[in-house]
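Residue-level structural notes
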Amino acid sequence: MSSSTTTHTLPTKFSVIGAGQMGTGIAVVAAMNAKVPSVNIHDVFPSSIEKSKKFIESLLDKYVQKGTLTQQEKEIILGERLSFSSGTDLSPMADSQFVVEAATENTDLKLGLFKDLSELVHSKPSSSPTILATNTSSISITKIAAVAKDPTTIIGMHFMNPVPVMKLVELIRGLQTSDATYERTVQLAEAMQKTCTLSIKDSPGFIANRILMPYINEAVNVLHEGIATKEDIDKTMKLGTNVPMGPLTLADFIGLDTCLAIMRVLYTEFADSKYRPSPLLVKMVEAGWLGKKTGRGFYTY
């Protein structure tokens, strides 16, 4: 996009809303790779914060054991850079220069969050306003920006799961996103040791999920129609196309509820039957079999 050579500075305070697997991973990478001095993880549920803390400690211990992180660096990350907050009060984000929303893939929830966040952080004019990024995997950035007090600061910053491992960040500009917002986001992503791609159009599913989710959905249909077993579906795609895991295993890792939510966005927005969610995917979500995070999906964990 822009070829501007404007120099921007990295945020000194970075916040993440949502202490799930994605939000926790984003926060860890910001604290560890980008070395952001202050990283806050916020979630409405205290139980999610406790789970996030345990995951981070375990992850950093693994890095120390592997020799990719020193004990001193681990203590700095846990003791100085990371902080946690919970509840419905968003004030812990007030002095952040960059906020990433990684809440549930629900349009109304995200719109409400961005409206409230924008009122909080954009109440005063600034030459370098706070950037509000969303980790949405399918919802329109332009639509989210429309509820913000300063829509030029809204951008899509779609990390891949698991965030500490996957190198890609898919960036999406809404119609309102400014060049400065895009440039600052690229700078932060690169400091987090990520590689960026850009979805030039703010189209449902963007790049990754526009391609990936119909692929997963069709694999579910093949299982639903009794064409092959789940094992043979996954084995065929792994050995036949050289992907690291089969589509049904991947769906379990992503979360079947997330897969269904994205397919419903694609189906609603495009009004095309090729995006209709598989009946089996719908039933499994209704049963609460959401994949690895619940212990059961297409496979048992």
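Residues numbered from 1 in each chain as written. Predicted model: local features only at pLDDT ≥ 70, side-chain atom pairs only at ≥ 80, totals over all residues. Heavy atoms only, no water.

**Comments concerning the UniProt feature "domain: 3-hydroxyacyl-CoA dehydrogenase C-terminal" (unreviewed entry) in the protein chain**
Put simply, the rule reads: UniProt positions are given in the numbering used here, feature names are shortened, and annotations may be inferred rather than shown by experiment. Under the scheme used here, helices are H or I runs from DSSP no shorter than 4 residues and strands are E runs no shorter than 2 residues, and both carry numbers assigned from the N terminus.
With numbering matched to this structure, UniProt assigns "domain: 3-hydroxyacyl-CoA dehydrogenase C-terminal" (unreviewed entry) to residues 205-301. As annotated, residues 205-301 has a helix share of 62% and a strand share of 0%, and its two end C-alpha atoms lie 28 Å apart.

**A short note on the packing of helix 7 (residues 208-224) against helix 8 (residues 230-241)**
What counts here: Every axis corresponds to a line fitted to the C-alpha atoms, with the helix fit spanning only the stretch in contact, and the corresponding angles, defined between N-to-C directions, vary from 0 to 180 degrees. Geometric relationships in this document are graded by angle, where less than 35 degrees denotes roughly parallel, more than 145 denotes roughly antiparallel, 65 to 115 denotes roughly perpendicular, and other angles denote oblique. Helix crossings get a hand from a simple test, with the near helix turned counterclockwise from the far one by less than a right angle marking a left-handed crossing and a clockwise turn marking a right-handed one. Whether two residues are in contact is decided by their heavy atoms: any pair within 4.5 Å suffices. The nonpolar class holds Ala, Val, Leu, Ile, Met, Phe, Trp, Tyr, Cys and Pro. Asp, Glu, Lys and Arg form the charged class, and all remaining residues, Gly among them, are polar.
Remark: helix 7 packs on helix 8, axes separated minimally by 9 Å, with the N-to-C direction vectors making an angle of 140°. Judged by the inter-axis angle, helix 7 sits oblique to helix 8. Crossing handedness for the pair helix 7 and helix 8: right-handed. Contacts from Tyr215, Ala219, Val222 and Leu223 of helix 7 reach helix 8 at Lys230, Ile233 and Met237. For the contact of helix 7 with helix 8, the residue count by class is six nonpolar, no polar and one charged.

**Brief notes about the nonpolar core**
We count it as follows: To define a nonpolar core, start from buried Ala, Val, Leu, Ile, Met, Phe, Trp, Tyr and Cys residues and group those joined through side-chain atoms within 4.5 Å. Accessibility here uses a 1.4 Å probe with only protein chains present; expressed as a share of the type maximum, an area under 20% marks a residue as buried, one over 50% as exposed, and anything in between as partly exposed.
Judged by nonpolar contacts, the single largest core of 40 residues is most densely connected at Phe14, Ile26 and Met157. Other than its neighbours up to four places away in sequence, isoleucine 26 contacts Phe14, Val16, Val100, Ala102, Asn135, Phe159, Val163 and Met192. Core analysis: the second largest hydrophobic core is formed by 20 residues, Leu248, Leu256, Leu266 and Leu280 among them.

**Observations regarding the UniProt feature "binding site: NAD(+)" (unreviewed entry) in the protein chain**
Note the threshold: Definition of a polar contact: a pair of N or O atoms within 3.5 Å, with one able to donate and the other able to accept a hydrogen when the atoms are protein atoms, and with sequence-neighbouring residues admitted only if both atoms are side-chain atoms.
The positions that UniProt labels "binding site: NAD(+)" (unreviewed entry) are, in the present scheme, Gly18, Ala19, Gly20, Gln21, Met22, Gly23, Asp43, Glu105, Lys110, Ser137, Asn161 and Lys293. Relative to the assigned elements, glycine 18 resides in the loop between strand 1 (13-17) and helix 1 (21-32). Within the element layout of this structure, lysine 110 appears in helix 4 (residues 107-121). In contact with lysine 110, other than residues within four places in its own chain, are Glu101, Ala103, Thr104, Glu105, Thr134, Thr136, Ile139 and Ile144. A polar atom in the side chain of lysine 110 sits 2.4 Å from the side chain of glutamate 101.

**Topic: the sheet that holds strand 5 (residues 131-134)**
Note the following rule: Note on pairing: DSSP must find at least two bridges between two strands before they are called paired.
Read from one edge of the open sheet, eight strands run 3-2-1-4-5-6-7-8, paired in mixed fashion. A strand with exactly one partner marks an edge of an open sheet, and here the two such strands are strand 3 (82-86) and strand 8 (195-199). Going from strand to strand, the sheet's axes swing by 25° on average, the running direction of each strand aside. Strand direction decides the pairing type here: strand 1 and strand 2 (residues 38-43), joined by five bridges, are parallel. Residue pairing for strand 2: phenylalanine 14 is matched across the bridge by valine 39.

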